[in-house]
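# Coordinates in review
In case you want the letters, here they are:
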Amino acid sequence: MLHSDLAAIVGPRWIRHERSELIPFDADALPGYRKLPSLAVFPGTREELVAVVRTLARHNAPFVPRGAGTGLSGGALADNVVLLGLNRLNRIIDIDADNRLAHVEPGVVNARLTRAASPYGLHYAPDPSSQTACTIGGNVAENAGGPHCLKYGVTLNHVAAVNVVLPDGSEIMLGDPYGETDGYDTMGLFVGSEGCFGVATDVWVRLVTLPEAVRTLLADFDSIEAAANAVSRIVASGIVPAALEMMDRATVLAVEASIYAAGYPRDAAAILLCEVDGLEAGLQDDVDTISAICRSAGARDVKLAGTDAERARLWQGRKKAFGAMGRVAPALVVQDAVVPRTKLPQILAAIDEIGRRHNVRVCNVFHAGDGNLHPNIPYDATDPLESERVHAAMKEVMAACISAGGTITGEHGVGLDKLDYMSSLFTDNSLAMMCAVRDVFDPNRRANPGKVVPVHSCREWHATATALA
Amino acid sequence: MTASSFAPLASRAYRAETTADGTAHGRAIMQAIETDTPLRIVGSGTWLHAGRAVGATATLDMRSHSGIVEYVPGDLVLTARAGTTLDEIASATREHFQWLPLDPYGSGASTLGAIFSTASHGPLARGYGRARDIVLGLSAVTGRGEPITVGGRVVKNVAGFDLVRLLVGSWGTLAAITDVSVRLHALPEHDVTLAIPIAPASLSNALKTFGTLRIAPVAVQLLSASLARRVLGDDFGSRSATMPVLLVRLVGNGTRIDAQRERLENEFGSTESVADSVWRVLRESHGYDAAAPERSMPCFRAGNAPSRLGATWQALVDTCGNEAWLDASLHDGIVRCTLSAPRVTDDLLSRLGSHGLSQGMQVIGEVLPPPMFAQLDARRARPLDGALRRAFNPHDILNPGAMPA
């Protein structure tokens, strides 16, 4: 029996099978999707993890790997299949400061890695807003971003190697911590594969020198359009900010009413949080240039954070903004589309119009510097009429972003939530090749089944190859 | 064994008419499948004799599939057909005070398709990322003859599985790249290159010290004395004829550059500003001479952890000595080695091979005649590579042999 075979590996304490014990794992950070696993297993060491995956293979059992469950696409939900929790594998195995490399288990919390690297004058740069809870393994699965990826890049740019246990139980090393990779960039392929290709047992990530100096500015504007224009001009100036975030009035009000209140001006139509970092010399020049750009774009005020505490407070308000939505209404839908930066003013105006027309409250808080939008709509999911309006509005928002030349997800992943949009973005051939690649890693389609690529896009290659012969 | 043992080019050529959707290339590939004619994908021809020998009997010409498809300066994104050259991209972007900061070794006549198929990069990878970090999206035609489009034209994108990364560096063995979308940068306000001679005896310490300095150069290369003389000219060379030289490229506003220069001079003594054309001379020093293959200088790279760069460098100096131009990038511990005489002896090869292994170096061939390649190149196929190739290119019709099997 699967249950007893798994218990023999991890111990009965680390299996959950009662409904009441499984409910905490029935969702990720998106309240709209609930799926109950059949059981949940939590290996404590990499040997246990590999043994668990081999046991699942023997039983031909589908499974869903899960880190901290902070995802925003319903990717770590197990619909009556086994949930494989990686959060106990939380050791930082080694920090090689000379080569700026960290070797970690997949369950290491993102912010904890940065704290551990800091005595060496280093940090782990990708900083998703959930970083105080999310895990490196989860970051790898989603190719996580965060505000500072504008300057530093996303997870993909920081992973040097991953050791993976494939669904059939065999292990494979992707990438090379200290050298160049032989063969295809299967490590690049694995990053962002959302748990559909296998489970990372070890991850080697690059660490980056802590910047010598940081400056954080808050600019507020009378209109969203003025803020969006400031963003374009900052990007065009040649300065690459470490981060450039925008929040609209609806979001500011939610944040300021919450425990995360940061002192944002409540009467601004939009605020920009802009950070530059690097060598102390020359940084003030960048600050002056950005301030001048904001003012000439119509900023009412541009303030510089004076202390570390002030800076931390400004960032807390931004990073906890999604959480602050919980004060407005109990349910939330959030999108993650990316549009070309030059289209930001037009798209934000379209989102505003769509929200008004459907009578829903859209709160925009997003990575303006790279065009990665996060329209949030808090709503009452028990109200069927409001739910219908909310979902109709979000469909229109996504369609507008796609037709503006954008993509459906910049960092949250496809998971379950954006499955239906995949065929608006990719041709049948492209989706079929994604399926074919997945089948190389997982021929029996047991790892995180039903996610990322719609099942109907998968062809049987045997038939095609025969026709060509 | 000489450079003239490069394999001759295939004689038949397919030239697909440029079409917006890649169907002409698809038809050419389907025809090649039907007639069992393996294809060599060719851009400008600057990479033809780099890498492994390809067992093709015809070529698929991509050079004519060129031109910029979309360039939105405000987005810092450019999409071009695969046959567009780096020089053509540089010229178009310079008009808008922008650039594609990708400077692979070889010539500016190389095409986008070749650069991304071979995942080539140069010194600027330190500051701006490698080919795989700069590309946003691709269109390609698979070895099944089917067009696919993956990635996109925006700077952040996690939609679907990352076939962009799979195709970059696949040497045309999975698909023929037809279009590429890349991210650009604004041209820096100032762009200064400093040359710093380093006495060989203090090289190891100098490399360690360099890593601790609070500076942020976008490119740092260590050149052996013979290569430095070629790149910097005899004037510079005569002052420090036997010394390796560090080339350090600094960009940004004036205050920032001055402060970094001061830190370098405090540590290493005086620095000399040199023309930025040195970077073009450097990248053209390593590569295949398409006009005269018999003059091509064999080139390979050897790498180890960046912290071991001093030892890697010394191993190559000991093995190749005065015959070689050595060019090391500090951030990734890789030394590019061009053997300055086209004639390479078996003795040298066996010294390289055995020394490489004993030092734990990874040796990767760049421009080498096939027999040398087989002897030197350490790369092997990885477990899933064969299955991936069968999924995209089941008849092995595209660039057969270009990747380790």
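### Regarding the layout of surface pockets
All names here are of chain A. Computed from the structure, the second largest pocket encloses a volume of approximately 1,000 Å³. Breaking the lining of the second largest pocket down by element, the ones donating at least two residues are β3 (63-66), α5 (136-142), β10 (199-206), α11 (308-319) and α12 (321-324). No other element matches α5, which puts six residues into the lining of the second largest pocket.

### Quick word on the pairing of strand β7 (residues 135-142) of chain B
Residue and element names in this part refer to chain B. For β7, the tally of buried residues reaches eight of eight residues, placing the bulk of the element in the interior. In this sheet, strand β9 (residues 175-183) lies alongside β7 in antiparallel orientation, the contact comprising seven bridges. Residue pairing for β9: Thr 142 is matched across the bridge by Ala 175. Bridge count between β7 and strand β8 (residues 147-151): five bridges; the pairing is antiparallel. Bridging across to β8, Leu 138 finds its partner in Val 150. Remark: four residues form the turn of the hairpin made by β7 and β8, two consecutive strands paired antiparallel; Gly 145 in that turn has positive phi of roughly 85°.

### So, unusual backbone geometry
The backbone of Arg 100 of chain A shows a phi angle near 55°, a positive value even though the residue is not glycine. Mapped onto the elements, Arg 100 of chain A comes out in the loop between β5 (92-96) and β6 (101-104). A relative accessible area of 34% places Arg 100 of chain A in the partly exposed class. Phi angles above zero are rare outside glycine, and Asn 399 of chain B is one such case at about 45°. Within the secondary structure, Asn 399 of chain B is located in the segment after α15 (385-392). Residue Asn 399 of chain B is classed as buried on the basis of its relative accessible area, which comes to 5%.

### Overview of the interface of chain A and chain B
Tallying the contact residues gives 84 residues for chain A and 66 residues for chain B. Buried surface at the junction of chain A and chain B, summed over both partners, amounts to about 5,900 Å²; 58% is from carbon and sulfur atoms. Summed over the three residues of chain A that lose the most area to chain B, namely Glu 180, Asp 182 and Tyr 184 of chain A, the buried surface amounts to 15% of that side. Between Glu 180 of chain A and Arg 301 of chain B there is a salt bridge, with the nearest N and O atoms lying 2.8 Å from each other. Broken down by secondary-structure element, the contributors of at least two residues to the side of chain A that touches chain B are α6 (149-152), β9 (171-175), α7 (186-190), α8 (224-236), α10 (283-296), α15 (422-425), α16 (428-441) and α17 (461-468) of chain A. For the side of chain A that touches chain B, the leading source of residues is α16 of chain A, giving nine residues. Grouping the constituent residues of the side of chain A that touches chain B by class yields 39 nonpolar, 28 polar and 17 charged.

### Things to note about empty space enclosed by the protein
Overall, the coordinates contain six cavities of 30 Å³ or more when judged by the stated rule. For the largest cavity, the lining is made up of 22 residues, of which Ile 41, Val 42, Gly 43, Ala 114 and Ser 117 of chain B are closest to its centre. Looking at the lining of the largest cavity, the elements with two or more residues in it are β2 (39-42), α3 (112-117) and β9 of chain B. Split by residue class, the lining of the largest cavity holds 11 nonpolar, 10 polar and one charged. There is about 50 Å³ of room inside the second largest cavity. Around the second largest cavity sit Val 338, Val 339, Pro 340, Arg 341 and Asp 370 of chain A together with Asp 75, Val 77, Arg 153, Val 154 and Val 155 of chain B, which together line it.

### Observations regarding the sheet that holds strand β12 (residues 213-221) of chain A
All names here are of chain A. Taken together, seven strands build an open sheet; the order of strands is β15-β12-β14-β13-β17-β18-β16 and the sheet is antiparallel. In this open sheet, the two strands that pair with only one neighbour each are β15 (299-304) and β16 (331-334). Strand-to-strand twist in this sheet, taken as the mean axis angle between neighbours without regard to direction, amounts to 20°. Contacting β12, β13 (243-248) and β14 (270-278), α8 crosses the sheet at an angle of about 175° to β13.

### Quick notes on the sheet that holds strand β17 (residues 334-339) of chain B
Residues and elements named next belong to chain B. Strand order in the open sheet formed by eight strands is β14-β11-β13-β12-β16-β17-β15-β18, with antiparallel pairing between adjacent strands. Whereas interior strands pair on both sides, the edge strands pair on one side only; in this sheet they are β14 (272-274) and β18 (362-367). Direction aside, the axes of adjacent strands within the sheet are offset by 25° on average. Of the strand pairs in this sheet, strand β16 (residues 324-329) and β17 are connected by six bridges, and their pairing is antiparallel. Paired with Leu 326 across the two strands is Cys 337, which belongs to β17. Helix α11 (residues 278-285) contacts β11 (190-197), β12 (219-223), β13 (245-252), β14, β16 and β17 of the sheet and is inclined by roughly 60° relative to β12.

### Overview of the pairing of strand β8 (residues 159-165) of chain A
All names here are of chain A. Taken across its seven residues, β8 has seven buried, putting it largely inside the fold. As paired elements, β8 and β10 share six bridges and run antiparallel to each other. Across the sheet, the residue bridging to Val 164 is Ala 200, located in β10. Alignment of β8 against β9, held across five bridges, turns out to be antiparallel. Across the sheet, the residue bridging to Asn 163 is Met 173, located in β9. Turn length for the β8-β9 hairpin, with the two strands adjacent in sequence and antiparallel, is five residues, and the turn residue Gly 169 shows positive phi of about 95°.

What counts, and at which threshold
- All residue numbers refer to positions counted from 1 along the written sequence of the respective chain.
- To read the labels, note that chains go from A and ligands from 1, taken in the order they are written.
- At least 70 in pLDDT is required for a residue's local features to be given in this predicted model, at least 80 for side-chain atom pairs to be given and counted, and no such filter applies to totals for whole chains, interfaces and linings, which use all residues.
- Only heavy atoms go into the side-chain values, all of them from the structure, while hydrogens and water stay out.
- Points on a 1 Å grid over protein atoms alone make up a cavity when a 1.4 Å probe fits among them but cannot get out, and a pocket when they form an open set with protein on both sides within 12 Å along at least five of seven lines; lining residues each have an atom within 4 Å of a point.
- Grid points are joined across faces, edges and corners, and a volume is the space filled by probe spheres set on the points.
- Helical segments are the DSSP runs of H or I of at least four residues, strand segments are the runs of E of at least two, and each set is numbered from the N terminus.
- Remark: exposure states derive from per-residue accessible area (1.4 Å probe, protein chains only) relative to the maximum for the residue type, with buried under 20%, exposed over 50%, and partly exposed in between.
- Between any two strands, pairing holds if DSSP finds at least two bridges.
- Residue contacts are counted whenever heavy atoms from the two residues lie within 4.5 Å of one another.
- The buried area of a pairing is the accessible area, by a 1.4 Å probe, that goes missing from both parts when the two are put together, added over both.
- The working definition used for a salt bridge is a side-chain nitrogen of Lys or Arg within 4 Å of a carboxyl oxygen of Asp or Glu.
- Think of it as three bins: nonpolar holds Ala, Val, Leu, Ile, Met, Phe, Trp, Tyr, Cys and Pro, charged holds Asp, Glu, Lys and Arg, and polar takes everything else, Gly as well.
- Angles here are taken between N-to-C directions and fall from 0 to 180 degrees, while the axes themselves are lines fitted to C-alpha atoms, restricted in helices to the stretch in contact.

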